[in-house]
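Here is how the chains run, residue by residue.
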Amino acid sequence: MTTIEQAPPIGRSLPPSGAPRVAGVARPALRRAKDHLVAYGLLFPAMAVFTVFFFIPAAYLVYISFFHWGVLSSATQFVGLENFRRLFAQPLFFRSIATSGYYTLVMIPATVLLSLGVALVLREAVTARRGGVWRAAVFLPHVTPVVATSIIWVWIFNPQFGLANFVLKSVGLPALGWLSTTQWALPAVMIDSLWHSLGLYVIIFLAGLANVPRELVEVARLDGAKRGRIFRRVIWPLLSPTTFFVVILATVNSWQAFSQIYAMTGGPHGGAGGPAFSTTTDALLVYQTAFTFDHFSLASTMALVLFAIILLLTLVQKWISNKVVFYR
Amino acid sequence: MARVELHDIVKAYGNQRVVDGIDLVIEEGRFVVLLGPSGCGKTTTLRMIAGLEQVTAGEMYFDGRLMNHEPPERRGVGMVFQNYALYPHMTVADNLSFGLESQRGRGSRRKARAQVRARVLEIARLLEIDHVLDHRPKELSGGQRQRAALGRALVRDPDVFLLDEPLSNLDANLREKMRMELSRLHDELPVTTVYVTHDQGEALTLADQLVVMHEGKICQAGQPGDVYAKPGTAFVAGFLGSPGMNLWELRGPLWGEAAAAGGVHLSGEAWGDHVGGGASVVVGIRPEHLKLLPEGGPWPARVECRVDVVENLGSHVLVHAKLHGAGQRSLVAKLETSAGLRRGDRVAFSAHAEHVHLFDARTGARITERVARDRTSVDV
């Protein structure tokens, strides 16, 4: 009589009868252990660098926020929340937060609009022969040292001989005091920052634009949509993840802005952060508190608060992004 | 509906001509299929009709109106792309209404909106996607996406409907179903349609008029049945059909009542009224026209060979065989499953005279009605 045997499920072979099961299990376990060893071995150098220069200092920063600690004094004294109390009693701290907030609030839209605009123009130029040259030209400022280019911008904003006032005067506008006035010092720094960072954001937007399928724009054209409508209804929504990334990056970079402020407002202009603390941002105040006034504990407390502010802003942006950002 | 005329259309990128002097007239309401292998210029031709590519030379008319420099939005065309190109961030309803809203004037906004909604619903019902109007494309099945793309192109009531390999992303079953749907749709909405594909099954079943393209040129245009039965060139003969026609070159000079070369024997009857004086020819016989016959017998065309592979496809078998004689000539025959052939069998196939096609070996063109009955032998 013919009998039909149940075939084993596809992809699973039965072990030969009598074969030791343990041997079959031990081999993959050994291989898995080997894989883990290789993976951790490859991760180790990066993890070591991060641990020494990032995790340990970050943890130590939290630790000394609760102590009275000096870089030259070995004695540490636990003070509880005293540093926080002192910090919140300082009007300059709140002013620095307001300055950082103002700087960030102007920089984010300016960065997004300018870099997106330049990216759109450059995308058209990509088909042209010199598209690559233009892209390189826009990116070039970003690879130059911030301090060096900021010094050049100090010359540009020189009230007597600077290029900025020359341009203003040549179009019939009054000359400005720029870095020597409380009203224009921060905008001058913003212009330098925008010029310096624009290339990075342009490249990010160009990558985002390259990911918008050409067919969608073609279909929209066939549908009779004009350029503005195509951008508003098709390109812009598909660029929302890129825009969100740029906004996050610009927020963090703006809130942490230091080098350009330090380089442009220091020296003959009455010490970094001047005039009259008009460019003293949070990051600059942290630096000055630690290295000028030797209050490392207080500076650490400030850095902790700065971290909390950036984290909060990022969480808010993330919450908003869940509603407006479209991920394909 | 529009009548589309292409006169000596050329598209060149630098020195490379991807479309090389196409002449084609598509009558109102016809369903024309551009068929050809990848890189033959069919999609470029379609994109030129849409206005997405500029014409390098030649003239293009819609209903007698010169279209060469008209932008895509003013041509009245609807297009379905290979990957559907649905706006991924919009619902199906928004995808369908986008075009209508883009064209809407500044009249009564509420009335216009109501009209748009009604039209979207009408098309959605026609395509049976009215239940997924508030879904986004990624929430749809392949077939529903396909219908949504069709709907978006049709909702604006285009004069010319363009489809660029619209079924190529679907699985075999769905493709067959959608093919029938497209045919039904064209019967209900007889818009002038240009359909690009490299799938001859789609081409033969859908087309009113079939246009076979190769290397930027039109090889042959006509009714699908005619193109299949009387291919104009050896390329068309080999490309059309699954599998394509068996083609063997017989080197000239060819004279006389019979010809034999490398296992292929043609009698005077097979030469028929076709071949003229002495040139090399390509002989073609479709796989389904080859019949398995015993040795001997006065057959118009006889091919001797040894069976290499037998593929059983359920409804029939495909026999791949090596021809006798010199070279690596091979043959494919489509036979009943009961043929009972095995690898290594020595067999002879035959075909009726009317199923023997002859092409000029140099130009590939079909040889017709040029008679010379003074042929005697074949030199291989």
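Check the entry above for the structure.
Just so it is clear, the model here is predicted, and its values are computed rather than measured.

1. What about the nonpolar core?
Consideration 1: Core analysis: the largest hydrophobic core is formed by 62 residues, its most contacted members being Met 60 and Leu 162 of chain B.
Consideration 2: With 7 residues, the top contributor of residues to this core is helix α7 (residues 185-210) of chain A.
Consideration 3: With sequence-adjacent residues up to four places away left out, Leu 162 of chain B is seen in contact with Leu 46, Ile 49, Ala 50, Val 77, Gly 78, Met 79, Val 80 and Val 194 of chain B.
Consideration 4: With 42 residues, the next largest nonpolar core counts Leu 100, Val 191, Ala 203 and Leu 210 of chain B among its residues.

2. Concerning unusual backbone geometry
Consideration 1: With an omega of 0 degrees, the peptide bond running from Ser 242 of chain B to Pro 243 of chain B counts as cis.
Consideration 2: Take Pro 243 of chain B: it is sitting in the loop between α8 (234-239) and β11 (246-250).
Consideration 3: A positive phi angle, near 45 degrees, is found at Trp 178 of chain A, a position not held by glycine.
Consideration 4: By secondary structure assignment, the location of Trp 178 of chain A is in the loop between α6 (163-170) and α7.
Consideration 5: Backbone geometry at Ala 276 of chain A places phi at a positive 50 degrees, although glycine is not the residue there.
Consideration 6: As for its position among the elements, Ala 276 of chain A is in the loop between α11 (259-265) and α12 (282-292).

3. Overview of the sheet that holds strand β5 (residues 65-66) of chain B
Residues and elements named next belong to chain B.
Consideration 1: Taken in spatial order, the 4 strands make up an open sheet running β2-β1-β4-β5, and their pairing is antiparallel. Every other strand in the sheet has two partners, leaving β2 (16-26) and β5 as the edge strands with one partner each.
Consideration 2: Across the sheet, helix α1 (residues 42-50) touches β1 (4-13), β2 and β4 (57-62), and the angle it forms with β1 is around 115 degrees.

4. Examining the packing of aromatic side chains
Consideration 1: Counting across every chain of the model gives 25 aromatic pairs over all chains.
Consideration 2: Note on Phe 157 of chain A and Trp 178 of chain A: the rings are 4.7 Å apart at their centroids and 45 degrees apart in plane angle, and the pair reads as tilted. Here the residue Phe 157 of chain A occupies a position in the loop between α5 (146-156) and α6, and Trp 178 of chain A occupies one in the loop between α6 and α7, the gap between them amounting to 21 residues.
Consideration 3: According to the relative accessible area criterion, Phe 157 of chain A is buried, its value standing at 3%.
Consideration 4: In this structure, Arg 152 of chain B is placed above the aromatic ring of Tyr 87 of chain B, and the distance from its NZ or CZ to the ring centre is 5.0 Å.
Consideration 5: Taking the ring centre of Tyr 228 of chain B as reference, the NZ or CZ of Arg 286 of chain B above it sits at 3.9 Å.

5. As for α12 of chain A
Consideration 1: Burial analysis of α12 of chain A places 8 of its 11 residues in the buried class, which makes it a mostly covered element.
Consideration 2: One or two steps after α12 of chain A, the chain reaches Asp 294 of chain A, where phi turns positive at roughly 55 degrees.

6. With respect to the interface of chain A and chain B
Consideration 1: Taken together, the contacts link 19 residues of chain A with 24 residues of chain B.
Consideration 2: Taken together, both faces of the contact between chain A and chain B bury some 2000 Å²; the carbon and sulfur share is 61%.
Consideration 3: Viewed at the interface, chain B and chain A are joined by 8 residue pairs in polar contact (both at pLDDT 80 or more).
Consideration 4: Every element with two or more residues in the side of chain A that touches chain B is listed here: α8 (214-222) and α9 (227-238) of chain A.
Consideration 5: Here the side of chain A that touches chain B gets 8 residues from one element, more than from any other, and that element is α8 of chain A.

Calculation rules
- Residues numbered from 1 in each chain as written.
- Chains lettered and ligands numbered in written order.
- Predicted model: local features only at pLDDT ≥ 70, side-chain atom pairs only at ≥ 80, totals over all residues.
- Heavy atoms only, no water.
- Core = buried A, V, L, I, M, F, W, Y, C linked by side-chain atoms within 4.5 Å.
- Buried < 20%, exposed > 50% of the residue type's maximum accessible area, 1.4 Å probe, protein only.
- Helix = DSSP H or I, 4+ residues; strand = E, 2+ residues; numbered from the N terminus.
- Contact = heavy atoms within 4.5 Å.
- Pairing = 2+ DSSP bridges.
- Axes fitted to C-alpha atoms, helices over the stretch in contact; angles between N-to-C directions.
- Phe/Tyr/Trp six-rings, centres within 6.5 Å; stacked < 30°, edge-to-face > 60°.
- Lys NZ or Arg CZ within 6 Å of the ring centre and 35° of its normal.
- Buried area = accessible area lost by both parts, 1.4 Å probe.
- Polar contact = N/O pair within 3.5 Å; in protein donor to acceptor, adjacent residues only side chain to side chain.

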